[in-house]
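Residues per chain are reported as follows:
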Amino acid sequence: MAGRALDRAVRAAYHRRMRATVNGDAMDLPDGLTISALLEHLRIRPERVTVERNGAVIRKARHAEERLSSGDVVEIVTFVGGG
Amino acid sequence: MDELVLGGHRFTSRLVVGTGKYKDFPTMKAALLASSAQMVTVAVRRLDLQARGEASLLHWIPEGMVLLPNTAGCFTADDAVRTCRLARELELGGENPLVKLEVLSDPKTLLPDAEETLKAARQLVSEGFRVLPYTNDDPVAARKLEDAGCAAVMPLGAPIGSGLGLRNPHALQMILEHAKVPVIVDAGVGTASDCAVCMELGVSALLVNTAISGAQDPVAMARAMKLATEAGRLAFLAGRIPRKLYGTASSPLSGVIGGA
C-alpha cells in the first residue's frame, strides 16, 4: 500500500505544472524543472547560451541542480552581431 | 614591435571592428579578415526561441579573434552590469574579461550617459572586469573613467553610426594629453581618411562597425580602413611637420639660373 501511495505521489509531482516567463513569454512547464531540463525541453544547446533567473546568472556548472519555481522570470541569452 | 597592450592582451592591429548589421555571415567573416582586426565586438541578446538550427555568430568569427562583448542598448548602469555578467558566463573566458561598456542616454542621439556610465564602470571594475567605456569626447568624463580603473577610454568621434568623422579633434587632443590608459576612438568614423585623422593624433586604436558593414563593399572598406589605420599610426610615430601659414621652399633658393 505504502509503495502504491508513494508511486501516486511521484506521479502527481511529475505532472504538476507551473508558470514561468522565459524570454518574455509565459510558459506552462513541468514543476521543478532544472535549468538543464528546461534547455532540453526548448531544444537549446547549452554551450551557446547563458541563463539568468530572476536577474541572477546561473553558472553552467549549476544547470543540472538549479530548479525553476512558479513565477520565475528566465532569460536565455546568446551573442549576436553588434558594434 | 609597435603593440597595443590592452586588458592583458597584446595586439598588433589597432583596428577593432564590430559584427553588427552585415547582410550575411559570409560577408561579415570576409570583412573581419580583410580588416586584420584582432578583436571584435559582439552584443548580448535574448536567444530567439522560435528560430531552429539558426547559425551561430561565433561560428563565423575567425579563430583567434578576441571577443569584446558590449552593453549596447543599455540605458541604465544596472542593465549594463547585468549584461556584462551574462557576457562573462557566455564567454567562459578568463578571470578578467574585457567588456565594452556603453550606457546610452536616449535613442535618438545615442550619446553616452556620463553619470550612468561611470556608475557602471565602478561596479564592473570592482567585479574584476576590464572595462573599455564608450564616452563623450569630454576630458573630464574620460579622466573620471580612468580614475575609476577602466582599462581604456573610448571617446566618440561623432554619434554612433553617423559617419561624421572626428568632430572635435581639440577635445580628443586634451583627452590624449592626460590619459595614461589607451584612448580608442569609438563611433563616428565614416570612411578611411577618418581613421587616418584619428590615428595621426595619437589615439591607440579605433572601433568601427557601421562604416564597414554599411559600405557598398564592406570587404573593400575593411581593407581600406586597415591601411588607413596603419598609415595614420605610422604618420603619428614619424612625427609630422608643424603647420605654418607661409610657404617654405623645398629646393635651394641659391643658384637659380639667371640669378644675380
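In short, a report on the structure. Being a predicted model, the structure only gives us computed values, none of them experimental.

## Structural notes on the environment of B:Val183
All names here are of chain B.
Okay, so step 1: Note that Val183 resides in the loop between helix H5 (169–178) and strand S9 (184–186).
Okay, so step 2: Owing to 24 C-beta atoms within 10 Å, Val183 belongs among the buried residues under this scheme.
Okay, so step 3: Each C-alpha atom of the pair Val183 and Val40 lies 17 Å from the other, and the pair is 143 residues apart in sequence.
Okay, so step 4: When near neighbours in sequence (up to four residues on either side) are disregarded, Val183 contacts Ala152, Val153, Pro155, Ile175, Leu176, Val203 and Ser204.

## Considerations on the sheet that holds strand S6 (residues 98–101) of chain B
Residues and elements named next belong to chain B.
Okay, so step 1: Taken together, three strands build an open sheet; the order of strands is S6-S7-S8 and the sheet is parallel. With one partner strand each, in any of the chains shown, S6 and strand S8 (154–155) form the two edges of the open sheet.
Okay, so step 2: In this sheet, S8 lies alongside strand S7 (residues 130–135) in parallel orientation, the contact comprising two bridges. Across the sheet, residue Thr135 finds its bridge partner in S8, namely Pro155.
Okay, so step 3: Running over the sheet, helix H3 (residues 114–126) touches S6 and S7 and is turned about 175° from S7.

## Points about helix H8 (residues 218–238) of chain B
Residue and element names in this part refer to chain B.
Okay, so step 1: With 21 residues, H8 ought to run about 30 Å at 1.5 Å a step, and its terminal C-alpha atoms sit 30 Å apart, in line with that.
Okay, so step 2: Buried residues of H8: Pro218, Met221, Ala222, Ala224, Met225, Lys226, Ala228, Thr229, Gly232 and Arg233, and no others.
Okay, so step 3: Where H8 is buried, its residues contact strand S3 (15–18), helix H1 (25–35), helix H6 (192–200), strand S10 (205–208) and helix H7 (210–213).
Okay, so step 4: Positive phi appears at Gly239, one or two residues downstream of H8, with a value of about 85°.

## Notes on the pairing of strand S2 (residues 25–30) of chain A
All names here are of chain A.
Okay, so step 1: Within S2, only zero of the six residues are buried, leaving the element largely exposed.
Okay, so step 2: Examined bridge by bridge, strand S1 (residues 17–22) and S2 share six bridges and lie antiparallel to one another. When the sheet's bridge partners are listed, Met18 is paired in S2 with Leu29.
Okay, so step 3: Remark: two residues form the turn of the hairpin made by S1 and S2, two consecutive strands paired antiparallel; Asn23 in that turn has positive phi of roughly 50°.

## What to know about the nonpolar core
Residue and element names in this part refer to chain B.
Okay, so step 1: Ranked by internal contacts, the top residues of the largest apolar core, which has 89 residues, are Leu101, Leu132, Ile184 and Leu206.
Okay, so step 2: Looking at this core element by element, the count peaks at seven residues for helix H2 (residues 77–91).
Okay, so step 3: If we skip the residues at most four places from it in the chain, Leu101 touches Thr71, Ala80, Thr117, Ala120, Ala121, Leu124, Val131, Leu132, Pro133 and Tyr134.

## Here's the deal with the environment of B:Val181
Residues and elements named next belong to chain B.
Okay, so step 1: As for its placement among the helices and strands, Val181 is situated in the loop between H5 and S9.
Okay, so step 2: It is 6.3 Å that separates the C-alpha atoms of Val181 and Ala151, two residues lying 30 residues apart in sequence.
Okay, so step 3: The residues contacting Val181, other than those within four sequence positions of it, are Glu146, Cys150, Ala151, Ala152 and Val153.

## Concerning H1(B)
Okay, so step 1: Residues of H1(B) that are buried include every one of B:Met28, B:Ala31, B:Leu32, B:Ala34 and B:Ser35, and no others. End-on, the buried residues of H1(B) take up no more than an arc of 165°, which puts them together on one face.
Okay, so step 2: Residues of H1(B) that are buried in the fold lie against strand S5 (73–81) of chain A together with S3, strand S4 (39–46), H7 and H8 of chain B.
Okay, so step 3: Backbone geometry just downstream of H1(B) places B:Ser36 in the positive-phi region, at approximately 60°.

## Focus on the packing of H2(B) against H3(B)
Residues and elements named next belong to chain B.
Okay, so step 1: One way to put it is that H2 packs onto H3 with a least axis distance of 8 Å and a crossing angle of 35°. You can see that H2 and H3 cross each other, and the crossing is right-handed. Seen from H2, the contacting residues are Ala77, Ala80, Val81 and Cys84; seen from H3, they are Glu116, Lys119, Ala120, Gln123 and Leu124.
Okay, so step 2: Residue composition of the contact of H2 with H3, by class: six nonpolar, one polar and two charged.

How each quantity is defined
Residues numbered from 1 in each chain as written. Chains lettered and ligands numbered in written order. Predicted model: local features only at pLDDT ≥ 70, side-chain atom pairs only at ≥ 80, totals over all residues. Helix = DSSP H or I, 4+ residues; strand = E, 2+ residues; numbered from the N terminus. Buried ≥ 20, exposed ≤ 12 C-beta atoms within 10 Å, placed from the backbone. Contact = placed C-beta atoms within 7 Å. Pairing = 2+ DSSP bridges. Axes fitted to C-alpha atoms, helices over the stretch in contact; angles between N-to-C directions. Expected span 1.5 Å × (residues − 1). Core = buried A, V, L, I, M, F, W, Y, C linked by C-beta atoms within 7 Å. Arc of directions from axis to C-beta. Left-handed = near helix turned anticlockwise from the far one by under 90°. Nonpolar A, V, L, I, M, F, W, Y, C, P; charged D, E, K, R; others polar.

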